[in-house]
Amino acid sequence: MSLSYSQLRRYRTCPRQYEFSNIKKIPWGISEGESFGASVHNALKRWGEAELGLGVGLGGRKKKDGTREDQLGLFIPEERPQTGLLTEEKLLEIWHQSFVFNTFPTQFEADFARRRGEGLMRQFFLWWSQAPHSVLAVEKSFTLEIDGMHIAGRLDRVERTEQGVRIVDYKTTAPCTQEEADADLQLSLYALAAEQLFEKPFDSAQGKPCTELLLLFLSDEGVVERSTMRSVSQLKDARTQLKLIRERIWAKDFRPTPSVHACKRCPYRGVCDVAAV
Ligand code: SF4
């Protein structure tokens with residue numbers, strides 16, 4: 001069985017929603033929020049690529065994704081990065097090139113989203129310029145195998161820090177609480193992926209397979225960070241949770257779990273007979 005994390009998240013949100021999407025394959029249109037989020041991710045991916053292109057990471061060497069050399073590169077002293085071309089103007093230029101406007105119903109709404117994105121980029125740049133960053137990878141794909149289930153996903157951004165590796169995940173939603181970040185299954189999955197992708201810097205014996213998981217909530221009012229980490233026992237729990245989900249999917253357990261929170265965002269609320277909205 002192969003799943004993406006977004007499919008798993010759909011199952012966790014509501015098994016009926018997963019059934020509509022993955023079993024009955026009922027198509028749904030991309031929402032304006034999803035479109036905006038995709039444009040933001042694409043712009044920050046290109047920004048990260050610009051950082052990598054200028055040698056802001058891997059000690060200025062060309063990146064060879066996933067190789068042993070990459071892993072060893074984590075320990076090579078970093079050369080002084082040349083960040084002179086990474087300006088706020090450059091980031092705004094990337095934003096305007098990345099913004100997808102044709103998913104918005106009117107030009108007015110598209111222009112509003114574009115301006116909102118400019119604000120997000122300015123805030124991101126402020127966050128980014130306040131401390132040195134050593135980017136190792138952007139939009140790094142991974143596939144984890146857990147008891148016969150292959151879970152595919154992508155890490156938005158991977159940075160080297162003095163302690164090891166930091167996984168950064170961009171969000172354009174309202175910030176979650178620290179408790180939610182500490183318990184987030186997606187972040188646990190990312191920590192497991194990091195363990196597989198960047199095996200070398202982790203010291204599992206000390207219970208620190210990933211040194212930092214950072215949720216970066218972007219808004220035009222500022223950047224909110226939620227920093228967390230996972231211990232070995234938390235990762236074991238995450239594997240158990242993922243196995244349980246796999247067993248329920250294999251058993252075709254698609255009983256709905258309606259709630260106002262889930263249903264108001266559900267693309268199938270118009271066809272679902274138990275929708276809570
Ligand atoms: S409308 Fe609610 S109950 Fe129905 S599939 Fe969507 S989330 Fe589940």
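See the structure printed just above.
What you see is a predicted model, and the numbers here were worked out from it, not measured in a lab. (Residues numbered from 1 in each chain as written. Predicted model: local features only at pLDDT ≥ 70, side-chain atom pairs only at ≥ 80, totals over all residues. Heavy atoms only, no water.)

Peer 1: Please clarify how the site of the ligand should be interpreted in this entry.
Peer 2: In the region of the ligand, the neighbouring residues are Cys14, Arg16, Gln17, Phe20, Pro258, Cys263, Cys266, Arg269, Cys272, Val274 and Ala275. No other element matches the three residues that helix H2 (residues 15–23) contributes to the shell around the ligand. Residue composition of the shell around the ligand, by class: eight nonpolar, one polar and two charged. (Near = heavy atom within 4 Å. Helix = DSSP H or I, 4+ residues; strand = E, 2+ residues; numbered from the N terminus. Nonpolar A, V, L, I, M, F, W, Y, C, P; charged D, E, K, R; others polar.)

Peer 1: Help me out: how do you make sense of the packing of helix H5 (residues 88–98) against helix H6 (residues 107–129) in this one?
Peer 2: The description of two helices packed together rests on the angle between their axes and the distance between the axes. Close contact between H5 and H6 brings their axes to 10 Å; oriented N to C, the two are set at 145 degrees. For H5 against H6, the interelement crossing comes out right-handed. Residues Glu88, Leu91, Leu92, Trp95 and His96 of H5 pack against Ala113, Arg114, Gly117, Glu118, Met121, Arg122, Phe124 and Phe125 of H6. (Axes fitted to C-alpha atoms, helices over the stretch in contact; angles between N-to-C directions. Left-handed = near helix turned anticlockwise from the far one by under 90°. Contact = heavy atoms within 4.5 Å.)

Peer 1: Even after reading the chapter, I still don't get unusual backbone geometry, so can you show me in this structure?
Peer 2: Peptide bonds are mostly trans, and most non-glycine residues show a negative phi. The phi dihedral of Lys25 falls on the positive side, at around 50 degrees, and the residue is not glycine. You can call Lys25 exposed: its relative accessible area is 60%. The phi angle at Asp147 is positive, at roughly 50 degrees, despite the residue not being glycine. Inspection of the secondary structure puts Asp147 in the loop between strand E2 (134–146) and strand E3 (149–160). (Buried < 20%, exposed > 50% of the residue type's maximum accessible area, 1.4 Å probe, protein only.)

Peer 1: Is there a simple way to explain the pattern of salt bridges in this structure?
Peer 2: Two side chains bearing opposite charge may form a pair once their charged atoms approach each other closely. Applying the stated criterion across every chain yields a total of 16 salt bridges. For Glu51, the salt bridge goes to Arg157, with nearest N and O atoms at 2.6 Å. Of the two residues, Glu51 is situated in helix H3 (residues 32–53) and Arg157 in strand E3; the sequence distance between them amounts to 106 residues. Exposure class is identical for Glu51 and Arg157. Each is buried. Between Asp147 and Lys243 there is a salt bridge, and its shortest N-O distance comes to 3.9 Å. With Asp147 in the loop between E2 and E3 and Lys243 in helix H9 (residues 232–250), this pair connects stretches of sequence that are 96 residues apart. (Salt bridge = Lys/Arg side-chain N within 4 Å of Asp/Glu carboxyl O.)

Peer 1: What exactly am I supposed to notice about the packing of aromatic side chains here?
Peer 2: Two measures describe an aromatic ring pair: the distance that separates the ring centres and the angle between the ring planes. Going through the model one piece at a time under the given rule, you end up with 14 aromatic pairs. Here the aromatic rings of Trp47 and Trp128 are separated by 5.1 Å at their centres, their planes lie at 80 degrees, and the arrangement is edge-to-face. Taken together, the residues Trp47 in helix H3 and Trp128 in helix H6 connect sequence positions 81 residues apart. For Trp47, a relative accessible area of 0% translates into the label buried. Relative to Trp128, the ring of Phe125 has its centre 5.8 Å away and its plane inclined at 35 degrees; by these criteria the two rings are tilted. Pair noted here: Phe125 and Trp128 are both in helix H6, with a separation of three residues, about one helical turn. A relative accessible area of 8% means that Trp128 is categorised as buried. (Phe/Tyr/Trp six-rings, centres within 6.5 Å; stacked < 30°, edge-to-face > 60°.)

Peer 1: Teacher, can you tell me more about H9 here?
Peer 2: Residues lying three or four places apart along an α-helix face the same way, a consequence of the helix completing one turn every 3.6 residues. Over its 19 residues, H9 extends 27 Å from the first C-alpha to the last, a length consistent with the 27 Å expected when each residue adds 1.5 Å. Within H9, burial applies to Leu235, Ala238, Leu242, Ile245, Arg246 and Ile249. All buried residues of H9 project into a common sector of 100 degrees when viewed along the axis, lining one side. Of the residues flanking the end of H9, it is Lys252, one or two places downstream, whose phi is positive at about 55 degrees. (Expected span 1.5 Å × (residues − 1). Arc of directions from axis to C-beta.)

Peer 1: Honestly, the nonpolar core in this entry has me stumped. Any pointers?
Peer 2: Across soluble globular proteins, nonpolar side chains show a tendency to be buried alongside one another. Judged by nonpolar contacts, the single largest core of 37 residues is most densely connected at Phe142, Val158, Ile167 and Leu242. When contributions to this core are tallied by element, the ones reaching two or more residues are helix H1 (5–13), E2, E3, strand E4 (165–171), helix H8 (185–197), strand E5 (210–219) and H9. If one sorts the elements of this core by residue count, H8 sits on top with nine residues. If you look at the next biggest cluster of nonpolar residues, it comprises 25 residues, including Phe36, Val40, Phe99 and Ala110. (Core = buried A, V, L, I, M, F, W, Y, C linked by side-chain atoms within 4.5 Å.)

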